[in-house]
Amino acid sequence: MANFNLRKAEPKDVPDILRLIKELAKYEEMEDQVILTEKDLLEDGFGDHPFYHCVVADVPAEQQRSLTGYSVIGFAMYYFTYDPWIGKLLYLEDFYVMKEYRGFGIGSEILKTLSDTAVTNRCSSMHFIVAESNKASIDFYKRRGASDLSLQEGWRLFRIDKENLLKMSAEE
Amino acid sequence: MAKFILRKAEPKDVSDILRLIKELAKFEEMEEQVVLTEKELLEDGFGDHPFYHCVVAEVPKDKQSVEGYTVVGFAMYYFTYDPWIGKLLYLEDFYVMKEFRGYGIGSEILKTLSETAVKTRCSGMHFIVAEWNTSSIEFYKRRGAADLSHEEGWRLYEIDKCNLLKMSSK
């Protein structure tokens, strides 16, 4: 089972993208936290100004029926960010291959494609976050030269949620 | 000294933006690491597809800085995407010149960004802070910021250009 194809996501892929987002969230035991809808994904990814980009992995029809019934079996969601010292970066937001299709090099091929995209777009590097408990992913990335900036430079990720944004907005 | 205005950055502000980026980098003892040029800032921020947005704080000419600058603070931000909730506003750089601090410029910038986030239907604002930067951490915590690295164990990783090229060429 080595036959797969990587391509840019199209509007028709939105239900599969949402399905895979939920599968990845389920793996992190957070499935109920996914409140994004197909409508949001469609507007936000395929409108005049895309807020994200996706690469999907699909398999030929004969293989999908025998395994899972799906032809889109992996994806990566990314967008471009900006470092004020060096310029454009590619930010890898989500990255997942269905369990039944792992071990065939699909993940590696996706990361290679993203590396090409980063270099073509004159990005200085690729950034992403990984949960410190996720040893398998950390090893996967370290084998490809990733370095832990949280360790090296002490960065911590903060969030101000909607409720507190509204509070600040309303202050005199 | 309470007079200042906040406005969207324009192409003419690019040299001030670079100056303030370098000042902030200097504060972090990293000034030589700033390789970005005015040309890149102009193309990347004011072309067909902006990769970042900026808000600048400006004072009247009679209140200019010791060196004669009127643009005395800035924030650089862009939009990111959370696959569970959608759009987020990401605060990348945020700095007010030392002699202009304590007048509420920073608070006003953050308020403006909050309004922008709400208006553009963002679910929240994200940013990173160095763990040793206690005064910034406190500034943000006073405004309701939560440390996701602490709560959820996230660590920031990087694959640099050299390793991207290695992967690309395999």
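Residues numbered from 1 in each chain as written. Chains lettered and ligands numbered in written order. Predicted model: local features only at pLDDT ≥ 70, side-chain atom pairs only at ≥ 80, totals over all residues. Heavy atoms only, no water.

Per an unreviewed UniProt entry, chain B goes by the name Diamine acetyltransferase 1 and belongs to Cyprinus carpio. According to the UniProt record, the Subunit (unreviewed entry) comment for chain B reads "Homodimer." Its UniProt record, at the heading Subcellular location (unreviewed entry), says of chain B: "Cytoplasm". (UniProt positions renumbered as here; feature names shortened; annotations may be inferred.)

An unreviewed UniProt entry annotates chain A as Diamine acetyltransferase 1 of Cyprinus carpio. On record in UniProt, under Subunit (unreviewed entry), the comment for chain A is "Homodimer."

Now for empty space enclosed by the protein. Within this structure, the stated rule accounts for two cavities of 30 Å³ or more. Lining the largest cavity are 13 residues, and of these A:His49, A:Phe80, B:His49, B:Pro50 and B:Phe79 lie nearest its centre. Taken together, the elements giving at least two residues each to the lining of the largest cavity come down to β3 (72–83) of chain A together with β3 (71–82) of chain B. Of the residues contributing to the lining of the largest cavity, the split by class is nine nonpolar, four polar and no charged. A volume near 40 Å³ is recorded for the second largest cavity. For the second largest cavity, the full set of lining residues is A:Ile129, A:Ser150, A:Trp155, A:Arg156, A:Leu157, B:Ile128, B:Ser149, B:Trp154, B:Arg155 and B:Leu156. Looking at the lining of the second largest cavity residue by residue, the classes come out as six nonpolar, two polar and two charged. (1 Å grid on protein atoms, 1.4 Å probe; cavity = no way out; pocket = protein on both sides within 12 Å on 5 of 7 lines; lining within 4 Å. Points joined across faces, edges and corners; volume = space filled by probe spheres on them. Helix = DSSP H or I, 4+ residues; strand = E, 2+ residues; numbered from the N terminus. Nonpolar A, V, L, I, M, F, W, Y, C, P; charged D, E, K, R; others polar.)

Within this model, the second largest pocket holds a volume of roughly 160 Å³. What lines the second largest pocket is A:Ile35, A:Leu36, A:Asp40, A:Glu43, A:Asp44, A:Lys162, B:Ile85, B:Gly86, B:Lys87, B:Arg121, B:Cys122 and B:Ser123. Among the elements of the structure, α2 (38–46) of chain A together with β4 (86–96) of chain B are those that each provide at least two residues to the lining of the second largest pocket. Examining the composition of the lining of the second largest pocket, we find that three residues originate from one element, α2(A), more than from any other.

Attention now goes to the confidence of the model for chain A. Summary statistics for chain A give a mean pLDDT of 89 and a share of 96% for residues scoring 70 or more. Per-element mean pLDDT across chain A ranges from 66 in helix α3 (residues 61–67) of chain A up to 97 in strand β2 (residues 53–58) of chain A. (pLDDT = per-residue confidence, 0-100.)

All right, on to helix α4 (residues 134–141) of chain B then. For α4(B), the set of buried residues is B:Ile137, B:Phe139 and B:Tyr140. Looking straight down α4(B), one finds that the buried residues subtend no more than 160° of arc, so they occupy a single side. (Buried < 20%, exposed > 50% of the residue type's maximum accessible area, 1.4 Å probe, protein only. Arc of directions from axis to C-beta.)

We now examine the packing of helix α1 (residues 14–27) of chain A against α2(A). All names here are of chain A. Their axes nearest at 9 Å, the elements α1 and α2 cross at an angle of 115°. Considering their axes alone, α1 and α2 lie roughly perpendicular with respect to each other. Where α1 crosses over α2, the two elements pack in a sense that is right-handed. Every residue of α2 that contacts α1 at Val 14, Pro 15, Ile 17, Leu 18 and Ile 21 is listed here: Glu 38, Leu 41, Leu 42 and Phe 46. (Axes fitted to C-alpha atoms, helices over the stretch in contact; angles between N-to-C directions. Parallel < 35°, antiparallel > 145°, perpendicular 65-115°, else oblique. Left-handed = near helix turned anticlockwise from the far one by under 90°. Contact = heavy atoms within 4.5 Å.)

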